[in-house]
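Per-entry structural report
Here is how the chains run, residue by residue.
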Amino acid sequence: MSLNVANSSVISTILRHDTKVTSYKIALLRAINDVVVSFPDVYTYHQNVFVPLRALADYWIAYYWPFVDPHWPIYQGRRSLRASGLNSDIAFRQALTSLRLEWEYSIGTASKPSDGFFLINEMKIGRKNQLYSPAFLQKYQAAVVALCDALEMPICYAGPGKWSIFAKPVKFKSLQGQGIPVPGTLLEDRCLVINAELWQTFRDMSLWVEALCIHEWCLFTERLPQENQHQPINRGDIYRLLTDRPDNRRPLTWERNHIDILLLEGTEFICPWTEKSITQGVSYHLDHLMPLSVYPMNELWNLAPSDPHFNAHQKRDRLPSSQRLASALPHLTHTYANYLTSLQLASVIKEDVNGRFATVPQLINQAHLSFPQAVSQVVGDFLNDVAVSRNLARF
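A brief look at the structure comes next. (Residues numbered from 1 in each chain as written. Predicted model: local features only at pLDDT ≥ 70, side-chain atom pairs only at ≥ 80, totals over all residues. Heavy atoms only, no water.)

1. Thoughts on the packing of aromatic side chains
For any two aromatic rings, the description comes down to two numbers: the centre-to-centre distance and the angle of the planes. Following the criterion strictly, the structure yields 24 aromatic pairs and no others. Aromatic pair Phe 357 and Phe 382: ring centres 6.2 Å apart, planes at 75°, arrangement edge-to-face. Taken as a pair, Phe 357 in the loop between helix H13 (343-354) and helix H14 (360-365) and Phe 382 in helix H15 (residues 371-389) lie far apart in primary sequence, 25 residues in all. By relative accessible area, which is 3% here, Phe 357 ends up buried. Aromatic ring contacts, followed pair by pair, group Tyr 24, Tyr 59, Trp 60, Tyr 63, Tyr 64, Phe 67, Phe 92, Phe 117 and Trp 217 into a single cluster. Taking NZ or CZ as reference, Arg 245 lies 4.1 Å from the ring centre of Phe 117, over its face. Over the ring of Phe 39 we find Arg 356, and its NZ or CZ is 5.7 Å from the ring centre. (Phe/Tyr/Trp six-rings, centres within 6.5 Å; stacked < 30°, edge-to-face > 60°. Helix = DSSP H or I, 4+ residues; strand = E, 2+ residues; numbered from the N terminus. Buried < 20%, exposed > 50% of the residue type's maximum accessible area, 1.4 Å probe, protein only. Lys NZ or Arg CZ within 6 Å of the ring centre and 35° of its normal.)

2. Structural notes on helix H3 (residues 53-64)
Compared with an ideal rise of 1.5 Å per residue, which puts 12 residues at 16 Å, H3 spans 16 Å between its outermost C-alpha atoms and is within 8% of the ideal. Extensive coverage of H3 is indicated by the burial of 11 of its 12 residues. Residues Leu 53, Ala 55, Leu 56, Ala 57, Asp 58, Tyr 59, Trp 60, Ile 61, Ala 62, Tyr 63 and Tyr 64 constitute the buried set of H3. (Expected span 1.5 Å × (residues − 1).)

3. Thoughts on the state of the cysteines
Under the definition given, this model contains 0 disulfides. Of the cysteine sulfurs around Cys 213, a residue in no disulfide, the closest is that of Cys 218, at 11 Å. (Disulfide = S-S within 2.5 Å.)

4. Digging into the environment of Asn 365
Within the fold, Asn 365 resides in helix H14. A relative accessible area of 57% means that Asn 365 is categorised as exposed. Residues Asn 365 and Ser 98, 267 residues apart in the sequence, show an inter-C-alpha distance of 46 Å.

Right, dumping it as structure tokens:
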């Protein structure tokens, strides 16, 4: 990374050199921040990190989703009259609008502002892709391609002059040996290279970065002239769109079915929070260890059978205290070990873990931990880090 300013001021540098023509740079900062938080253990390698543009593009799908409502479009840049008519405010509006319309067709109802987050979470779970039609998957890929192309501009002009903050994205295969990729990176992926110190800066300041980006985005959108609006858009409206999060609309039927099979076979689970035994015939909830209100993650490592009363009335959307988390880790290890006894669940949890955490193989090979022990350790660290960095309520 070519950088002439201290890492602590890079974030403000990017915004300071923004002419506010579009919301691209704000979206870039927010996406980098979300990627840093979403891959929690990459920092332990203390190396430059390679982030596929498609990972950033997924977050852009979520951010811009409420702004491409075909019945209530909210513009994100200037529109000027050209020979062919009005130019688009953002280069990917047509592709993303088309994806949103196909999504609404597939679910049979109007989309919610947070459905972009819901969608990208579902698309990360490969076994769920079979639920979507070829037409939908084609539109999703077209949107990702359009967004990846659009990302090049804010990356190029992030600072004073071209490529002054970030280097031009190149394919991962030409970067091997120069840093570490986020989990799931493919050889042909074009990648943004983030300096190790800058990655740590985002990690340390993630809550501030998110708040700053949302604030700047609200101010930017409020100042833009909007067309065909029944009433003026104010920053409160934009704030609600940018912070809406999906509820647990997916019933987790597939996961519950396979856990129920294990229970029928005599497997015992232990609630990580109450240490209550869960066996055949005992009611349970599939608890999201990391609440959906914090990060929408339906991956199997984030789901654990738990006491339904405690989950509904005490844990809710809170994170465990350090002491409670330490007590829960052996039970999480037991849960993950149970998942490995199911051929279907074993395949899924390995896929989900490999796509999220970088240090599990290292813990297995160097610390001689079992897979369930390694996963419970990185998950525990993740939950604690997020609780501390975000100053979240704990139980």
